[in-house]
Amino acid sequence: MFEGLVRQLILGYLGQYIKDIQKEQLKITLWNEEVLLENVELILEAFDYLRLPFAFKQGRVGKLSIKIPWKKLGWDPIIIILEEVYICVSQRDDTEWCMDAVERREYASKKAQLAAAELAKLSRRVCAVSSVNN
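Here the structure is a predicted model, which is why all the values come from computation and not from measurement.

Calculation rules
- Along each chain, residues carry numbers from 1 onward, in the same order as the chain's sequence is written.
- Residues qualify for local features only when their pLDDT is at least 70, as the model is predicted, and side-chain atom pairs are given and counted only at 80 or more; totals for whole chains, interfaces and linings, by contrast, use all residues.
- Only hydrogens and water are set aside; all other atoms, that is, all heavy atoms of the structure, feed into the side-chain values.
- Think of a patch as exposed residues, more than 30% relative accessible area, with no salt bridge, where like charges cluster within 9 Å and nonpolar side chains (Val, Leu, Ile, Met, Phe, Trp, Tyr) cluster within 5 Å.
- All accessible areas in this document rest on Shrake-Rupley with a 1.4 Å probe, and a residue is counted as covered only by the protein chains that are shown.
- Salt bridge criterion: a side-chain nitrogen from Lys or Arg within 4 Å of a carboxyl oxygen from Asp or Glu.
- A run of H or I in DSSP counts as a helix once it spans at least four residues, and a run of E counts as a strand once it spans at least two, with each numbered from the N terminus.
- Exposure categories follow from relative accessible area, calculated using a 1.4 Å probe and restricted to protein chains: below 20% of the type maximum is buried, above 50% is exposed, and the middle band is partly exposed.
- Only when DSSP finds a minimum of two bridges between them are two strands counted as paired.
- Lines fitted to C-alpha atoms define the axes here, with helix axes fitted over just the stretch in contact, and angles between the N-to-C directions of these axes take values from 0 to 180 degrees.

Draft legend 1. Expanded view of a nonpolar patch on the surface. Residues Ile 80, Leu 82, Val 85, Ile 87 and Val 89 make up a contiguous nonpolar surface patch of roughly 410 Å² in combined accessible area. Along the chain, Ile 87 falls in strand E4 (residues 79–91). Given a relative accessible area of 47%, Ile 87 falls into the partly exposed group.

Pasting the structure below:
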């Protein structure tokens, strides 16, 4: 149950950038206020909206550590630490700058904005539940 809530919270914040995570991947320590994920795959299309002159071919984060202040959730910041970030990029070819590719990147950008709005809504709900329980 608790792992499911933490998983949903993580996907709310980082779901547009990382591939789906399983509850079994989560290492949660309540006393240290830390959630640890290892070997997290990146969603390569998530970075298309940046319109960089290179394309991501592969990416992963070796260690993703999240410090969550459970007792002060909503007041203290959540800190995300990325270690061992590996990315493989290549130069974009001319076909990637065609209108179809540009439209896909714009769609990815709109999808990222929608995810951010949904995240804000989830954060407000978590804060509301947290303040009711205190």
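Draft legend 2. Molecular detail of the environment of Lys 71. Mapping Lys 71 onto the fold places it in the loop between strand E3 (54–67) and E4. In the structure, Lys 71 is positioned 38 residues away from Glu 33 in sequence and 9.1 Å away in space, judged by C-alpha atoms.

Draft legend 3. Quick look at the sheet that holds E3. Here four strands make up an open sheet; going across it, the order is E1-E2-E3-E4 and the pairing antiparallel. Whereas interior strands pair on both sides, the edge strands pair on one side only; in this sheet they are strand E1 (27–29) and E4. Within the sheet, the average angular offset between the axes of one strand and its neighbour, ignoring direction, is 15 degrees. Examined bridge by bridge, strand E2 (residues 34–41) and E3 share seven bridges and lie antiparallel to one another. Paired with Val 40 across the strands is Val 61, a residue of E3.

Draft legend 4. Seen up close, the pairing of E2. Bridging between E1 and E2 involves three bridges; their strand directions are antiparallel. Across the sheet, Ile 28 pairs through a bridge with Val 35, a residue of E2.

Draft legend 5. Highlighting the pattern of salt bridges. One pass over the structure, following the stated rule, counts two salt bridges. Close ionic contact of Lys 27 with Glu 38 constitutes a salt bridge, the shortest N to O distance being 3.7 Å. Residue Lys 27 is found in strand E1, and its partner Glu 38 is found in strand E2; the two are separated by eleven residues along the sequence. With a relative accessible area of 47%, Lys 27 lands in the partly exposed category. Since its relative accessible area comes to 39%, Glu 38 is described here as partly exposed. Here Glu 34 and Lys 67 are joined by a salt bridge, their closest N and O atoms 3.7 Å apart. Of the two residues, Glu 34 is situated in strand E2 and Lys 67 in strand E3; the sequence distance between them amounts to 33 residues.

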